[in-house]
Amino acid sequence: MSAKSKLHAADVVVRLGNVLAVDGAALDLRAGELTVLVGPNGAGKTTLMRAFAGLVPAEGRIEVDGKPIGSLDPRDRARQIAYLPQGHRFHWPMPVAAVVALGRYAYGDTFSSLTDVDRAAIARALKATAADTFAARPVTTLSGGERARVALARALATEAPVLLADEPTASLDPRHQLVVMELLAHVAHDGGAVLAIVHDLALAARFADRIVVMDRARLVAEGRPHEVLTPERIASVFGVEAVIADDTAGAIPILRRPL
């Protein structure tokens, strides 16, 4: 494990019933870096991320800050890894600020009240996601995009050294997709180790420091965006013809037609 690595995984295998969902994955999530995981539907991306979060049984080695993830109790694991799942489902009409405060649960107990440190972290997360403008509203009254920002704010409030975000731009309009990707990049470049699953290859290429490609349960490529998202690889993995356009943000893939 490299000195900057916050999460180290090697030879990770996950079986869901009779299905081999992850086959021998190896990856280091490094402080200061936004890593984006891409791949077609069914490739195993979410399962791999859930394994990194300690939410599904996995073979192999997964370590957080040098400690096996299985050795951490749930509260310690929650302090080390903030996990943003897909879906952004909220079933109770709690105020947005109260939902975001759940991100601080790992630092207290059932009966403790929020500390000044907790309140400051919540305020930072609300402001960073622009959710502070509706902090008092019941979360169930929000649009899908607003709920997505609340879910991200809850994860950010944990202020864990590792952030795992599964499709954080889903349900967002174009402006807020850019806002969220800029925010994830800022969290990473401020010292966090961030892994995000993103389906939009142009967004991935524009914001990622490193891209990892997953296909049919295996990690098949890793590197800088222009090294990984080539027309040949996009065709072989995604079944799509693509051209690469030069942009001030780098080499951006433009999808033309299915193959």
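The preceding data block contains the structure.
Keep in mind that what you see is a predicted model, and the values were worked out from it rather than measured.

When two helices pack together, their arrangement is given by the angle between their axes and by how far apart the axes lie. Relative orientation of the contacting elements helix α4 (residues 116-128) and helix α5 (residues 144-157) amounts to 145 degrees, with a least axis distance of 8 Å. Classified by chirality, the crossing of α5 by α4 is right-handed. For the pair formed by α4 and α5, the contact residues are Ala121, Ile122, Ala125 and Leu126 on the first element and Ala153, Leu156 and Ala157 on the second. Looking at the contact of α4 with α5, its residues break down into 7 nonpolar, no polar and no charged.

A word on the sheet that holds strand β4 (residues 59-64). An order of β2-β1-β4-β5 is seen for the 4 strands of this open sheet, with the pairing classed as antiparallel. What marks the edges here is a single partner per strand, and that holds for β2 (19-30) and β5 (67-68). Examined bridge by bridge, β4 and β5 share 2 bridges and lie antiparallel to one another. What sits directly across from Glu63, in β5, is Pro68. Sheet strands touched by helix α1 (residues 45-52): β1 (5-16), β2 and β4. Its angle to β1, the strand with the most contacts, is close to 125 degrees.

As a further point, take the environment of Val22. Along the chain, Val22 falls in strand β2. Residues Val22 and Thr46 lie 24 residues apart in sequence; the distance between their C-alpha atoms is 9.9 Å. With near-sequence residues (within four places) excluded, Val22 lies in contact with Val12, Val13, Val14, Gly44, Thr47, Leu48, Met214 and Ala217.

Glancing now at α4. Taking 1.5 Å of rise per residue, 13 residues should cover 18 Å, and α4 covers 18 Å from first to last C-alpha, within 8% of that figure. For α4, every residue scored as buried is listed here: Asp118, Ala121, Ile122, Ala125 and Leu126. The buried residues of α4 occupy an angular sector of 135 degrees when the element is viewed end-on, so they sit on one face. Of the exposed residues in α4, those oriented more than 90 degrees away from the buried face are Asp116, Val117 and Lys127. In this structure, the buried side of α4 is in contact with α3 (96-101) and α5. Count one or two residues on from α4 and you reach Ala130, which has phi positive near 60 degrees.

One finds Leu34, Val36, Val100, Val150, Leu184 and Ile211 to be the most contacted residues of the largest nonpolar core, which totals 55 residues. The element contributing the most residues to this core is α5, with 8 residues.

What follows is about the environment of Val213. Summarising the element assignment, Val213 is placed in strand β9 (residues 210-215). Separated by 174 residues in sequence, Val213 and Gly39 have C-alpha atoms that sit 5.6 Å apart.

Helix α6 (residues 174-189) packs onto α5 with a crossing angle of 5 degrees between their chain directions and a minimal axis gap of 12 Å. The angle between α5 and α6 places the two elements in the roughly parallel class. Counting all contacts with α5, which are made through Arg149, Leu152 and Leu156, the residues of α6 involved are His176, Val180, Leu183, Leu184 and Val187. Considered class by class, the residues forming the contact of α5 with α6 number 6 nonpolar, 1 polar and 1 charged.

The subject of this paragraph is the pattern of salt bridges. In the structure shown here, the tally under the stated rule is 13 salt bridges. Of the charged contacts in the structure, one is a salt bridge between Arg104 and Asp118, with a shortest N-O distance of 2.8 Å. Within this pair, whereas Arg104 is found in the loop between α3 and α4, its partner Asp118 is found in helix α4, the two being separated by 14 residues in sequence. Residue class for Arg104 comes out buried when judged on its relative accessible area of 7%. On the basis of relative accessibility, which here comes to 8%, the residue Asp118 falls in the buried class. Via salt bridges that share partners, Arg30, Glu33, Arg210 and Glu222 belong to a single interconnected network.

Scoring rules and cut-offs
Residues numbered from 1 in each chain as written. Predicted model: local features only at pLDDT ≥ 70, side-chain atom pairs only at ≥ 80, totals over all residues. Heavy atoms only, no water. Axes fitted to C-alpha atoms, helices over the stretch in contact; angles between N-to-C directions. Helix = DSSP H or I, 4+ residues; strand = E, 2+ residues; numbered from the N terminus. Left-handed = near helix turned anticlockwise from the far one by under 90°. Contact = heavy atoms within 4.5 Å. Nonpolar A, V, L, I, M, F, W, Y, C, P; charged D, E, K, R; others polar. Pairing = 2+ DSSP bridges. Expected span 1.5 Å × (residues − 1). Buried < 20%, exposed > 50% of the residue type's maximum accessible area, 1.4 Å probe, protein only. Arc of directions from axis to C-beta. Core = buried A, V, L, I, M, F, W, Y, C linked by side-chain atoms within 4.5 Å. Parallel < 35°, antiparallel > 145°, perpendicular 65-115°, else oblique. Salt bridge = Lys/Arg side-chain N within 4 Å of Asp/Glu carboxyl O.

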